[in-house]
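Structural characterization, general
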Amino acid sequence: MNTDKINLLMKLYFQPLTVFLFISCWLAACSAKKSPTEEDVNKRVYLEEKNPVSVLVLDKGTFSKQLVSNGKLHALKKSELSFSSDGVVSTLPYKNGSSVQKGSIIAQLQQQEQKLSLAEAKIAIEKARLELEDFLIGQGYDLKDSTNIPDQLFETSKIRTGYTEAQQQLSKAEQDFNNTVLIAPFSGKIASLSNKLYEHPTGEAPFCILIDDSSFEVEFQVTESEFHELTVGLGITVVPFASNEKFEGTITAINPLVDEHGLITIQATVKNTGGLLEGMNVKVLIEQEVSDQYVVPKAAVVIRQNQDVLFKVVDGKAYWTYLQILYENSDSYAVVAHPDKQASLEVGDTVIISGNLNLAHESEVAVQ
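Residues numbered from 1 in each chain as written. Predicted model: local features only at pLDDT ≥ 70, side-chain atom pairs only at ≥ 80, totals over all residues. Heavy atoms only, no water.

Here the focus is the overall build of the protein. A count of helical and extended segments in the protein gives five helices and 18 strands. Put simply, of all contacts in the protein between residues at least 6 apart along the chain, 72% involve residues at least 24 apart. (Helix = DSSP H or I, 4+ residues; strand = E, 2+ residues; numbered from the N terminus. Contact = heavy atoms within 4.5 Å.)

In structure tokens form, the structure reads like this:
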């Protein structure tokens, strides 16, 4: 048998054997893999996480009802001071924010001309007095005993001798001299002082403003429905927007007029213990105690389906309850169950006060 025939017979013999061995090895490898369990096939087990929350046990108590409004402070005493005379500032002992006492000299102008005019007026009045005295002696009267001089004669004599004119000149000279001095009409603080020493005040604006900041008037507005709860003498609390400091005050006047916006203007006075300024914007709080209320922190109330709700915890789950908010203050609500939603609130209910933002009805919760 030749070589070609031998090779052909060997290929025909070994080819099925090779295929058989390949299939056998593949089946053996597959059988060596671990058989999947039913839980591993297309399944994953998710453990539901419980939402951590903080709670309180609902009870009834007294609610501090707050009426909140915005107002502006105005000094009870405020005066714009200016010089009536023209001149250069020669004395200026104070600056903005300085405290001054009533009668103190705030500023003074140069006085050379005014002093000279005053001196001349004093001389003129003395000369006129001597002439008047001589004239009256000639009429048989003594100026020292002016009560015996007939009124008409006395007035005519003063005009004829120039005494009346000299009196007017003296009064004008004294006024001009006094106008060079700016005197505090009351005790307070200097504000809006822009002029400096040796400058010439223009007179277009006040030289300065004097403010009595010991107490302020605060003016604010309330609605018609809130007006009936207010009376003259009722206490208020004023809180500046710039700080959290509180100042106590008292309502002094209620304007008996409703404006076009349905608002009523209220005025109150507040003592300044330090920190209040003229024109300052403030928040006005009026508190009244309301008893027998369900009181919850504001954080306990959230919005669901465009309604106010809070969550109660029952057997580890959160159930929302529709509410009506009766009163509000800076940190709390006085609430009742919504009468139209078949909701209920009772003393002893466990109410969620934090961790409630993402809760749904019947969410599982873990009380912390």
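To continue, consider the packing of aromatic side chains. The tally for this structure, following the rule as stated, stands at four aromatic pairs. Measuring from centroid to centroid gives 6.2 Å for F63 and Y327, while their planes differ by 25°, and the two rings are stacked. Of the two residues, F63 is situated in strand β2 (residues 60-81) and Y327 in strand β15 (residues 317-328); the sequence distance between them amounts to 264 residues. The class of F63 is buried, set by a relative accessible area of 1%. For Y327, a relative accessible area of 25% translates into the label partly exposed. By the ring-pair criterion, three or more aromatic residues cluster together here, those being F311, W320 and Y322. If you follow K60 out to its NZ or CZ, it ends over the ring of Y294, 5.0 Å from the centre. (Phe/Tyr/Trp six-rings, centres within 6.5 Å; stacked < 30°, edge-to-face > 60°. Buried < 20%, exposed > 50% of the residue type's maximum accessible area, 1.4 Å probe, protein only. Lys NZ or Arg CZ within 6 Å of the ring centre and 35° of its normal.)

A word on helix α4 (residues 163-178). Residues separated by three or four positions in an α-helix point in the same direction, a consequence of the helix having 3.6 residues per turn. Helix length check: α4 (16 residues) gives 23 Å between terminal C-alpha atoms against 22 Å at 1.5 Å per residue, within 8%. Residues of α4 that are buried: Y163, A166, L170 and A173. Projected down its long axis, α4 shows its buried positions confined to an angular sector of 80°, all on one face. For α4, the exposed residues set more than 90 degrees away from the buried face come down to Q168 and K172. Buried positions along α4 lie against α2 (112-138) and α3 (151-160). (Expected span 1.5 Å × (residues − 1). Arc of directions from axis to C-beta.)

Strand pairing in a sheet relies on backbone hydrogen bonds. The paired strands run either parallel or antiparallel. Strand order in the open sheet made by the three strands is β3-β5-β6, with antiparallel pairing throughout. Looking at which strands have only one partner, the edges of the open sheet turn out to be β3 (89-91) and β6 (181-183). Adjacent strand axes in the sheet meet at a mean angle of 30° when their direction is disregarded. (Pairing = 2+ DSSP bridges. Axes fitted to C-alpha atoms, helices over the stretch in contact; angles between N-to-C directions.)

Next up on the list: the pairing of strand β1 (residues 51-57). Of the strand pairs in this sheet, β1 and strand β18 (residues 363-367) are connected by three bridges, and their pairing is parallel. Looking at the pairing, V53 lines up with V367 of β18. Across four bridges, the pairing between β1 and strand β17 (residues 350-354) is antiparallel. Along β17, the bridge assignment pairs L56 with V351.

Moving on to the pattern of salt bridges. One pass over the full model with this rule turns up ten salt bridges. Notably, a salt bridge pairs R129 with E133, separated by 3.5 Å at the nearest N-O pair. Highlighted residues: R129 and E133, both in helix α2, separated by four residues, approximately one helical turn. The salt bridge involving D213 is made with K189; its shortest N-O contact spans 3.3 Å. (Salt bridge = Lys/Arg side-chain N within 4 Å of Asp/Glu carboxyl O.)

What follows covers the confidence of the model for the protein. Overall, the predicted model of the protein reaches an average pLDDT of 86, with 86% of residues at or above 70. Every residue in residues 19-23 scores below 50 in pLDDT, and together they form zero contacts with partners more than four places removed in sequence or on other chains. In this model, residues 40-47 is a region of pLDDT below 50 whose contacts with residues beyond four sequence positions or in other chains number two contacts. (pLDDT = per-residue confidence, 0-100.)

Here Q66 lies in strand β2. One polar contact links Q66 to E287, side chain to side chain, over a distance of 2.7 Å. Residues in contact with Q66, not counting those within four places in the same chain, are L285, I286, E287, E328, N329 and S330. (Polar contact = N/O pair within 3.5 Å; in protein donor to acceptor, adjacent residues only side chain to side chain.)

Once that is clear, we can look at the nonpolar core. The tendency in soluble globular proteins is for nonpolar side chains to be buried as a group. Ranked by internal contacts, the top residues of the largest apolar core, which has 24 residues, are L73, V218, I236 and I286. Elements supplying a minimum of two residues to this core: β2, β8 (208-223), β9 (235-240), β10 (247-258), β11 (263-271) and β12 (281-297). Ranked by the residues each element gives to this core, the list is headed by β8, at six residues. Leave out the neighbours within four places in its chain, and I236 touches V218, F247, E248, G249, T250, I251, A268, V284, L285 and I286. In terms of nonpolar packing, the next biggest core, distinct from the first, is built from 15 residues, L182, F186, L193 and F207 among them. (Core = buried A, V, L, I, M, F, W, Y, C linked by side-chain atoms within 4.5 Å.)

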